[in-house]
Amino acid sequence: VDTEFTAPATPPEISGHAFRRTPRPGQGRLTGRPTVGLSLVLISPTDPARAQDLRDWADFVHLRHIAEVGVPGYSMITPYEHAAGGDPRFLHFYEMDTDDPEAAFLSMTPLVRERLGDRAAFKRWAGHDALRIMYVNSFRRLGERSA
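Please read all numbers here as calculations on a predicted model, not as lab measurements. (Residues numbered from 1 in each chain as written. Predicted model: local features only at pLDDT ≥ 70, side-chain atom pairs only at ≥ 80, totals over all residues. Heavy atoms only, no water.)

Asker: Describe the nonpolar core, with residues and values.
Answerer: Counting residues in each nonpolar core, the largest one holds 23 residues, and the members touching the most others are I66, Y74, Y94, M108 and W125. Within the residue set of this core, elements represented by two or more residues are β3 (37-45), α1 (51-69), β4 (74-82), β5 (90-96), α2 (101-116) and α3 (119-126). It is α1 that contributes the most residues to this core, six residues altogether. (Core = buried A, V, L, I, M, F, W, Y, C linked by side-chain atoms within 4.5 Å. Buried < 20%, exposed > 50% of the residue type's maximum accessible area, 1.4 Å probe, protein only. Helix = DSSP H or I, 4+ residues; strand = E, 2+ residues; numbered from the N terminus.)

Asker: Before we move on, can you summarise α2 with the specific residues and values?
Answerer: Here α2 contains 16 residues, and its C-alpha end-to-end distance of 23 Å stays within 8% of the 22 Å for a straight helix at 1.5 Å per residue. Its axis deflected by about 30 degrees at M108, α2 carries its strongest bend there, up to four residues before the proline P110. Among all positions in α2, only P101, A104, F105, M108, V112 and L116 are buried. Those residues of α2 that are buried lie in contact with β3, α1, β4, β5, α3 and β6 (131-140). Of the residues one or two after α2, G117 is the one with positive phi, at around 70 degrees. (Expected span 1.5 Å × (residues − 1). Bend = angle between axes of the 7 residues up to and from the residue. Contact = heavy atoms within 4.5 Å.)

Asker: Can you explain α3? Please cite residues and give values.
Answerer: Every buried residue of α3 is listed here: A121, F122 and W125. Along the axis of α3, the buried positions cluster into a sector of 100 degrees, meaning they face one direction only. For α3, the exposed residues set more than 90 degrees away from the buried face come down to R119, K123 and R124. Buried positions along α3 lie against α1 and α2. Among the residues of α3, the N-terminal cap falls to D118, whose side-chain oxygen and the backbone nitrogen of A120 are separated by 3.0 Å. (Arc of directions from axis to C-beta. Polar contact = N/O pair within 3.5 Å; in protein donor to acceptor, adjacent residues only side chain to side chain.)

Asker: Which residues make up the packing of α1 against α3, and what values do they have?
Answerer: Each pair of packed helices can be summarised by the angle the axes make with each other and by the distance between the axes. Contact pair α1 / α3: the axes reach a minimum separation of 9 Å and the direction vectors enclose 115 degrees. Residues W57, V61, H62, H65 and I66 of α1 pack against R124, W125 and A126 of α3. Residue composition of the contact of α1 with α3, grouped by class: five nonpolar, two polar and one charged. (Axes fitted to C-alpha atoms, helices over the stretch in contact; angles between N-to-C directions. Nonpolar A, V, L, I, M, F, W, Y, C, P; charged D, E, K, R; others polar.)

Asker: So, the pairing of β5: which residues are in play, and what are the values?
Answerer: Summarising burial for β5: five of the seven residues are buried, a large majority. Pairing between β3 and β5: seven bridges, direction antiparallel. If you follow L42 over to β5, its bridge partner there is L91. Bridge analysis of β4 against β5 gives seven bridges, and the strand direction is antiparallel. Its bridge partner lying in β5, Y80 is registered against L91. (Pairing = 2+ DSSP bridges.)

Asker: Got a sec to walk through the environment of A7? Specific residues and values, please.
Answerer: For A7, the location among the structural elements is in the segment before β1 (19-21). Of the residues examined, A7 reaches a relative accessible area of 40% and is grouped as partly exposed.

Asker: So what about a nonpolar patch on the surface? Which residues, and what values?
Answerer: Residues M134, Y135 and F139 make up a contiguous nonpolar surface patch of about 250 Å² in total accessible area. By secondary structure assignment, the location of F139 is in strand β6. For F139, a relative accessible area of 35% corresponds to the partly exposed category. (Patch = residues over 30% accessible without salt bridge, like charges linked within 9 Å, V, L, I, M, F, W, Y side chains within 5 Å. Areas by Shrake-Rupley, 256 points an atom, 1.4 Å probe, with all protein chains shown as cover. Salt bridge = Lys/Arg side-chain N within 4 Å of Asp/Glu carboxyl O.)

Written as structure tokens, this is what we have:
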């Protein structure tokens, strides 16, 4: 959606969030295999004034290293931002070409740790002082694949 987008009203019994893709590109590699797994990560800054600082860390440090490692099963990571600037502020949408996205997700941290080697570099990758993780979950496609 563009900047003129207004999210429709959400029924009172449902939590609804509308996200728009950030102008920064997704990171990863196209494998030619279908996306059959997803991971969603919702984060917000601990202080709204730190939103850009957190966004920069996520794009230029955290997501970049995940993409560079080439975690088996991961294909693309795309950053999104809450359309109204609300909470959670950011969504990271991980596309996976594996039938076991949870195993791929669990392999990510050890692979990044091994690649970075240096304890201080890993600590910078793993967290940010303005980071508030609000939701993390992995999903896999159920049922048969179409030909």
